[in-house]
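If you want the building blocks of each chain, they are given just below.
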Amino acid sequence: MDQKVVNNYEAAKELYAQHGIDVDQVLDRLNTIKISMHCWQGDDVRGFLNKDQALTGGISVTGNYPGAATTPAELRADLEKAFSLIPGKHKVNLHAIYADTDEVVELDKIEPKHYQKWVDWSKEQGLGLDFNPTCFSHEKSKDGFTLSHPDPEIRQFWIDHCKASRKIGAYFGEQLGQTCVTNVWVPDGFKDVPADRMAPRQRLKDALDQVFAEEINPAHNLDAIESKLFGIGSEAYVVGSHEFYMGYGIRNNKLICLDAGHFHPTEVISNKLSSLALFTDGILLHVSRPMRWDSDHVVTLDDELIDIGRELVRGDLLDKTHIGLDFFDASINRVAAWVIGTRNTIKALLRGMLDPIEALKAAELEGDYTTRLALTEEFKSYPFGAVWDYYCAQQGVPVREDWLAVVKDYEKNVLLQRGV
């Protein structure tokens, strides 16, 4: 390890130790946290089952940067490259459309065998897998409705798809020895104001009851449900609102997914964590970066991401929170997008762990808000970067921006050769 990195780390340790923060223990704790990196950044949410289908469900990917993965093997190679530049061992989040099979199979008929190559690869890489039914970009979702569809036959198709997805998630968890989180999100909603808000939600509730009717070992699979405020084509009304899923999740013991881009533009999920945690056994996060709407920009180390990390640490929520990423940007190198977003998410957790939490809480209880503010502000210039550099070096990944040269080389020798 570079001696400058070590020296800077030792100096940082001394400063943090003055406030009772054991940096070595912090890094040991950080190394136990798994981020679920989303596969769909690598190919612009096309997948492999219905890759010729246009994106629907209010999803939009902009840009035409060269090198998108066009096969499962290419996507896995890109994921491997990204993980080689990210400290720690993590998970991959798959959507159902990313099946790796030569068989022509419909979404309601998918089985674990269609994802066996992903399982075998994950075992080799020491990774976990999460899963999502794909309730968009399909002939039976073109009118904007799936689990709440008024046509019972179409609704049953999506119910069967979600049931099959849960079984696949359970298979992932059993085979890999890491619990799979299977997250249900549907785009259902109206572009204009509906005459009847209740009936679609009644149908969605009934459909979810059928999807979750079969008991599955929670050691293998955990169910999650994800809300949204609005989307393109569902500006006026979304069936699966936050209120709907919060009620359903609490009553039925399901993980409630908070996506950073799925709320009002001035609303943040960091402020929701402590409330939701009091009434649930677990939370799923989709870390994204909205830009005026749910635009899924690559995650940067902005105030909200730092606040999310801080809340997870201060509320002792890390053991009950599943952290996943959800963004897609085709205007930049896709491998770089993964690396930037995942490294930033880990940095935010590290920042939270390096705060003088006990001193801040003690000052607050004593009504000493001056000390609370002063410590908060002074710690913003503490040598967090020296600790991060050491962690990366310790984990055998590039320090600071050195990873970018690796990605540029991969782009030249691999990504730009695709389709040539």
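A quick note: this is a predicted structure, and the numbers were derived from the prediction, not measured.

## Some details on the overall build of the chain
Reasoning step 1: If you tally the helices and strands in the chain, you get 14 helices and 10 strands.
Reasoning step 2: A compact globule built from 420 residues would reach a C-alpha radius of gyration of about 22 Å, and the chain, at 22 Å, matches this within 12%.
Reasoning step 3: Based on the C-alpha atoms only, the size of the chain along its principal axes is roughly 65 × 55 × 40 Å.
Reasoning step 4: Every one of the 420 residues in the chain was classed for burial, and the buried ones make up 55%.
Reasoning step 5: Restricting the contact set of the chain to residue pairs at least 6 apart, pairs at least 24 apart contribute 81%.
Reasoning step 6: Accessible surface for the chain amounts to roughly 18,500 Å². Of this, 49% is attributable to carbon and sulfur atoms.
Reasoning step 7: For the chain, the distance from the average site of its 45 positive side-chain charges to the average site of its 64 negative ones is 2 Å.

## Quick word on the domain arrangement of the chain
Reasoning step 1: Each domain of the chain was delimited in the assignment, giving domain 1 (1–32 + 358–419) and domain 2 (34–354).
Reasoning step 2: Look at where the C-alpha atoms of domain 1 and domain 2 centre, and you get two points 28 Å apart.
Reasoning step 3: The interface of domain 1 with domain 2 comprises 30 residues on the first partner and 31 residues on the second.
Reasoning step 4: Carbon and sulfur atoms supply 68% of the area buried between domain 1 and domain 2, which totals about 2,800 Å² over both sides.
Reasoning step 5: Its largest share of buried area at the contact with domain 2, domain 1 owes to Phe384, Trp388 and Arg418, together 24% of the area lost on that side.
Reasoning step 6: For the pair domain 1 and domain 2, the number of links is three salt bridges.
Reasoning step 7: Our enumeration of links across domain 1 and domain 2 arrives at 10 residue pairs in polar contact (both at pLDDT 80 or more).
Reasoning step 8: Of all elements in the fold, only α2 (23–30), α11 (357–365), α13 (384–394) and α14 (402–413) reach the threshold of two or more residues within the side of domain 1 that touches domain 2.

## Concerning the packing of helix α4 (residues 116–125) against helix α5 (residues 152–176)
Reasoning step 1: Their axes nearest at 10 Å, the elements α4 and α5 cross at an angle of 30 degrees. When the axis of α4 is compared with that of α5, the two are roughly parallel. Once α4 is placed against α5, the crossing between them reads as right-handed. Across from Gln116, Val119, Ser122 and Lys123 in α4, the residues of α5 making contact are Tyr171, Phe172, Gln175 and Leu176.
Reasoning step 2: For the contact of α4 with α5, the per-class residue count stands at four nonpolar, three polar and one charged.

## Comments concerning the side chain of Thr321
Reasoning step 1: Note on placement: Thr321 falls in strand β10 (residues 321–325).
Reasoning step 2: A polar atom in the side chain of Thr321 sits 2.7 Å from the backbone oxygen of Leu317.
Reasoning step 3: Not counting the four nearest positions on each side in its chain, Thr321 is found in contact with Ile283, Leu285 and Leu312.

## Here we look at the pairing of strand β3 (residues 128–132)
Reasoning step 1: Extensive coverage of β3 is indicated by the burial of five of its five residues.
Reasoning step 2: Burial along β3 is two-sided: Gly128, Asp130 and Asn132 and Leu129 and Phe131, pointing in opposite directions, are all buried.
Reasoning step 3: One ladder, built from five bridges, connects strand β2 (residues 91–95) with β3; its direction is parallel. Pairing of Asn93 across the sheet is with Asp130, part of β3.
Reasoning step 4: The β-α-β motif built from β2, the intervening α4 and the parallel element β3 has right-handed crossover chirality.

Calculation rules
- Along each chain, numbering runs from 1 in the same order as the chain's sequence is written.
- The predicted origin of the model limits local features to residues at a pLDDT of at least 70 and limits the giving and counting of side-chain atom pairs to 80 or more, whereas totals for whole chains, interfaces and linings rest on all residues.
- Only hydrogens and water are removed before side-chain values are computed, so all heavy atoms of the structure are retained for them.
- In this text, helices come from DSSP runs of H or I with a minimum length of four residues, and strands from runs of E with a minimum of two, each type numbered from the N-terminal end.
- Here the radius of gyration uses the C-alpha set of atoms, whereas the globule reference equals 2.2 Å times the residue count to the power 0.38.
- For every residue, the accessible area (1.4 Å probe, protein chains only) is compared with the maximum for its type, and the residue is labelled buried under 20%, exposed over 50%, or partly exposed between those bounds.
- We call two residues in contact when some of their heavy atoms are within 4.5 Å.
- What sets the accessible areas is the Shrake-Rupley method with a 1.4 Å probe; for residues, cover comes only from the shown protein chains.
- Asp and Glu are treated as the negative residues and Lys and Arg as the positive ones, with His and the ends of the chain left uncounted.
- Charge coordinates come from a single atom per side chain, which is NZ of Lys, CZ of Arg, CG of Asp or CD of Glu.
- Residue ranges labeled as domains rest on an automatic or database domain assignment.
- In this description, buried area is defined as the sum, over both parts, of the accessible area (probe of 1.4 Å) that is lost when the two are combined.
- Each salt bridge in this description consists of a side-chain nitrogen of Lys or Arg and a carboxyl oxygen of Asp or Glu lying within 4 Å of one another.
- Identification of polar contacts relies on pairs of N or O atoms within 3.5 Å, with a donor-acceptor requirement for protein atoms, meaning one able to donate a hydrogen and the other able to accept it, and with residues adjacent in sequence counted only if both atoms are side-chain atoms.
- The convention used is that axes are lines fitted to C-alpha atoms, helices contributing only their stretch in contact, and that angles between N-to-C directions extend from 0 to 180 degrees.
- Our angle categories are set so that under 35 degrees counts as roughly parallel, over 145 as roughly antiparallel, 65 to 115 as roughly perpendicular, and the remainder as oblique.
- With the far helix as reference, a near helix turned anticlockwise by less than a right angle produces a left-handed crossing, and one turned clockwise produces a right-handed crossing.
- In this classification, the charged set is Asp, Glu, Lys and Arg, the nonpolar set is Ala, Val, Leu, Ile, Met, Phe, Trp, Tyr, Cys and Pro, and all remaining amino acids, among them Gly, are polar.
- For two strands to pair, DSSP has to find at least two bridges joining them.
- Note on handedness: a clockwise path from strand one over the helix to strand two, with the strands aimed away from the viewer, defines a right-handed crossover.

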